[in-house]
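# Tertiary structure, described
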Amino acid sequence: MTKKILDKNYILSKYDIIKANKHRLPVSLDFTKAENDFIRTNFQSIEKLYVYFGDQPTHGNVWIPDDIYITEIQQLAQELGYPPHSVDYPRSASAIHRFKRDWKGVLEIAGIKATFCSAQSRVSKEEILYKSRQVFENSNMNYLPAWKARLSSSTPKA
């Protein structure tokens, strides 16, 4: 496995690529931890990196672009195997506020299919299916356990 060598040219080219492809200024979340450490060591802060490029930051405070919210939610759904709940995502309140929707609407914007039994339901059919499949695979049987046996498991009930 080859290790990336961080130098000023690498950071500057990544900055240019992000700025060109995403049509916005890069934020610290666009860089890895090692790259952020390099930026702090050589430029003192991401804001000083903006100044180096002659760019003005749009906000004085920390600002997270929409595409980062969407990417993080999509990655979380991929890791879990089903649509995440708002408590699974640490920035859910910010995402809900940013997109001016409830959590189900944020999932919709992120392109995550989540089918709910009713408007009040908090558990998606995809989650029930995923967790039922997990119970089935872990049960060493050729059938799903009886309902009473599933009550004690972590399978959600709609």
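Residues numbered from 1 in each chain as written. Predicted model: local features only at pLDDT ≥ 70, side-chain atom pairs only at ≥ 80, totals over all residues. Heavy atoms only, no water.

## With respect to the packing of aromatic side chains
Filter applied, for reference: Only rings of Phe, Tyr and Trp enter the pairing, Trp through its six-membered ring, and a pair is recorded when the two centres are within 6.5 Å. The plane angle decides the type: under 30 degrees is stacked, over 60 is edge-to-face, the rest tilted. Burial here depends on accessible area, computed with a 1.4 Å probe over protein chains only, as a share of the maximum for the residue type. Under 20% is buried, over 50% is exposed, and the range in between is partly exposed. Only DSSP runs of H or I with at least four residues qualify as helices, and only runs of E with at least two residues qualify as strands; both kinds are numbered from the N terminus onward. Over a ring means this: the NZ of a Lys or the CZ of an Arg is within 6 Å of the ring centre and within 35 degrees of the ring normal.
Counted by the stated rule, this structure contains 7 aromatic pairs. Between Phe43 and Tyr52 the ring centres are 5.4 Å apart and the planes differ by 70°, which places this aromatic pair in the edge-to-face class. Looking at Phe43, the relative accessible area reads 5%, which means it is buried. Taken together, a centroid distance of 6.2 Å and an interplanar angle of 70° make the contact between Tyr69 and Phe99 edge-to-face. Remark: Phe99 occurs in helix H5 (residues 92-99) and Tyr69 occurs in helix H4 (residues 66-80); sequence separation between them is 30 residues. Within the aromatic cluster, the residues linked to one another by ring pairs are Tyr15, Phe43, Tyr50, Tyr52 and Phe53. The ring of Phe116 has Lys104 sitting right over it, with the charged end atom 4.5 Å from the ring centre.

## Digging into H4
This is how the line gets drawn: Expected helix span is computed as 1.5 Å times (number of residues minus one). This arc is built from the directions going out from the helix axis to the C-beta atoms. By definition in these notes, contact holds between two residues if any of their heavy atoms fall within 4.5 Å.
With 15 residues, H4 ought to run about 21 Å at 1.5 Å a step, and its terminal C-alpha atoms sit 21 Å apart, in line with that. Residues of H4 that are buried include every one of Ile68, Tyr69, Ile73, Leu76 and Ala77, and no others. Each buried residue of H4 lies within a common arc of 170° when the element is viewed along its axis, so the set occupies one face. Of the exposed residues in H4, the ones pointing more than 90 degrees away from its buried face are Gln78 and Glu79. Looking at the buried residues of H4, the elements they touch are H5 and helix H6 (103-109). Where H4 ends, the next residue or the one after it, Gly81, has phi of about 95°, a positive value.

## As for the nonpolar core
Our working rule: Nonpolar cores are built from buried Ala, Val, Leu, Ile, Met, Phe, Trp, Tyr and Cys residues. Side-chain atoms within 4.5 Å join them into one set.
Of all hydrophobic cores here, the largest spans 27 residues; its most connected members are Ile39, Leu49, Ile73, Tyr89 and Ala95. Where this core is concerned, the elements lending two or more residues are helix H1 (8-22), helix H2 (33-43), helix H3 (46-53), H4, H5 and H6. By residue number, the principal contributor to this core is H4, which donates 5 residues. Sequence-distant contacts of Ala95, that is, excluding residues within four places in its chain, are made with Tyr69, Ile73, Tyr89 and Val106.

## What about the pattern of salt bridges?
For side chains of opposite charge, pairing can occur when their charged atoms come near one another. What counts is decided by this rule: A pair is scored as a salt bridge if a Lys or Arg side-chain nitrogen falls within 4 Å of a carboxyl oxygen belonging to Asp or Glu.
Taken as a whole and judged by the stated rule, the model has 13 salt bridges. For Lys22, the salt bridge goes to Asp67, with nearest N and O atoms at 3.5 Å. Here Lys22, found in helix H1, pairs with Asp67, found in helix H4; they are 45 residues apart in sequence, far enough to count as distant. With a relative accessible area of 26%, Asp67 lands in the partly exposed category. Ionic pairing is found between Asp30 and Arg24, a salt bridge with its closest N-O pair at 2.8 Å.

## Quick word on the environment of Ala110
Mapping Ala110 onto the fold places it in the loop between H6 and helix H7 (125-138). Distance from Ala110 to Glu72, taken between C-alpha atoms, is 9.3 Å for residues 38 residues apart in sequence. In contact with Ala110, other than residues within four places in its own chain, are Ile70, Ile73 and Gln74.

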